[in-house]
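The chain contents come next:
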Amino acid sequence: MCQQKLLLIPGPSPVVDRILEALARPTVSHISPEMEKELAGAVENMKKIVFTTGGQPFIVAGAGTLAMEIALLNITADSDRVLVVSQGFFGNRMAEICEAFELKFQLLQSQWGKVVTPDELRAELKRHHYDIVVCTHVDTATGACAPVKEYARVLHDMSPETLFVVDGVCATGGIEERMDDWGIDVILTAAQKCLGAPPGLAIDVFSPRAMEKRRKLHRIKAYYADIMRWLPVMENPNKYFSTPCVNEIRAFYEATRIVLEEGLEKRFERHERFASVIRHGLNSLGFITYTDETCLAATLSVIRYPEEVDDQTFRQKLYENGVVVAGGLGPTAGKVFRLGHMGNLTRDQIIFAFDAIEKTLLSIGYAFTLGDGVETVRSLLVR
Ligand SMILES: Cc1ncc(COP(=O)(O)O)c(C=O)c1O
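Let us look at the structure shown here. (Residues numbered from 1 in each chain as written. Predicted model: local features only at pLDDT ≥ 70, side-chain atom pairs only at ≥ 80, totals over all residues. Heavy atoms only, no water.)

Re the site of the ligand
Operational definition: By convention in this text, a residue qualifies as near a molecule or strand provided that one of its non-hydrogen atoms is within 4 Å of it. Pairs of N or O atoms within 3.5 Å make up the polar contacts considered here, provided that, within protein, one atom can donate a hydrogen while the other can accept it, and that residues adjacent in sequence are counted only when both atoms are side-chain atoms. The protein chains shown are the only cover counted for residues, whose accessible areas, like all others here, come from Shrake-Rupley with a 1.4 Å probe. Gly is put with the polar residues, along with every residue not named as nonpolar or charged; the nonpolar set is Ala, Val, Leu, Ile, Met, Phe, Trp, Tyr, Cys and Pro, and the charged set is Asp, Glu, Lys and Arg.
In the vicinity of the ligand, the contacting residues are Ala63, Gly64, Thr65, Met68, Phe90, Thr136, Val138, Thr140, Asp167, Val169, Gln192 and Lys193. Glycine 64 is positioned such that a nitrogen or oxygen atom in its backbone is 2.8 Å from an oxygen atom of the ligand. The side chain of glutamine 192 places a nitrogen or oxygen atom 2.9 Å from an oxygen atom of the ligand. If the ligand stood free it would expose 390 Å²; the protein chains cover 86% of that surface. For the shell around the ligand, a count of residues per class yields 5 nonpolar, 5 polar and 2 charged.

Here you go:
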């Protein structure tokens, strides 16, 4: 029986037994009392997780990329101008989606490892008017966390009628996102990262203003991704449009309950604390962070390899020692590894990971003091 690997890639994150048990519950009818309770429950829980009372969640079979398309296609008119604020791979994907649907857009991007500053956004809004501004809360390729609250403030000051879309795929449920208070119009996310459920769900939460914009658009370039077709189902799960992925929704409902049981403030604080502990641990082994200190994300770390450590060898050996991390994307491939620390990660899993990292470094002949990493994280991780 092969040893279960500890998944420390930037999503999917480790799925706890309680959620796997929910996933394994019987497949019931999608218009059954169980589905009515669990889909409606997940919808209500998502509102709490993004701090909205009037927002409308949509939970649809698909991945984060579908959530990106749903967000853009349901609020963008052909005449609209979209500003894509990008700090890396997934910000650029947002621009690719605009291109694919021939939406008018402008890309405002930072260097990889950094973020677009609120002042740079302000300057761009002085140059042009935009109907929609889209940003990525955490770009999973660079580990950079955008100042979403400050972006919202700049928008509010400079262009209050502009709709604000936040890609929270690598943040929602792990980092604070206050939809109503900050004035965010669409938060898009996915099940498999900070929410800790298995992959397979695209989640979008639309503010009343964004819903109003959709109603004004009449037609859009989508069928399955058209929220007006899903709205009746979200309002009353006894309705049918397309068969929801029943078991995945059962697991997701359980995942959202776990998030709320932990408490959002406590969960955000734990993500921050675990991130700092893990980075201290890696620094004690001579590894430095790729991402600029000013915009480190609480949900993943992107780490530079010391000269003498080869990417493939390190990740393969670490895999053999029971831990899976991800390689770099784009220009960082081979130069960094990406370690996800999101969702329902535990203290013991972090210690296990450092034990495996040290075993790996020993096996490849890397010079370090054995135990430094494990001791650093153990001492910083109080029960
Ligand atoms: C910030 C961000 N946006 C979008 C996506 C796309 O999500 P998916 O891989 O589920 O399609 C990802 C995936 O890693 C992501 O990190």
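Here's the deal with the packing of aromatic side chains
The following threshold applies: Here a pair means two rings of Phe, Tyr or Trp (six-membered ring of Trp) with centres within 6.5 Å. Their orientation is stacked below 30 degrees between planes, edge-to-face above 60, and tilted elsewhere. In this description a helix means any DSSP run of H or I spanning at least four residues, a strand means any run of E spanning at least two, and both kinds are numbered starting from the N terminus. Only protein chains enter the accessibility calculation, which uses a 1.4 Å probe. A residue is then buried if its area is under 20% of the maximum for its type, exposed if over 50%, and partly exposed in between. A ring has a charge above it when a Lys NZ or an Arg CZ is no more than 6 Å from the ring centre and no more than 35 degrees off the ring normal.
Tallied over the full model, the rule gives 14 aromatic pairs. Relative to phenylalanine 268, the ring of phenylalanine 51 lies with its centre 6.4 Å away and its plane at 50°, an arrangement referred to as tilted. A residue pair is termed long-range when its members are at least 10 positions apart, and phenylalanine 51 in the loop between helix H2 (33-49) and strand S2 (56-61) and phenylalanine 268 in helix H11 (residues 264-284) qualify at 217 residues. Of the two residues, phenylalanine 51 and phenylalanine 268, neither departs from the other in class, the shared state being buried. Look at tyrosine 224 and tryptophan 230: their rings are 5.4 Å apart centre to centre, the planes differ by 90°, and that puts the pair in the edge-to-face class. The partly exposed category is assigned to tyrosine 224, whose relative accessible area is 29%. Residue classification places tryptophan 230 among the buried positions, given a relative accessible area of 3%. Joined through ring pairs, the aromatic side chains of Phe287, Tyr305, Phe314, Phe337, Tyr366 and Phe368 make up one cluster. Over the face of the ring belonging to tyrosine 319 we find lysine 5, whose NZ or CZ atom lies 4.3 Å from the ring centre. Positioned over the ring face of phenylalanine 51 is arginine 178, at 3.9 Å from the centre of the ring.

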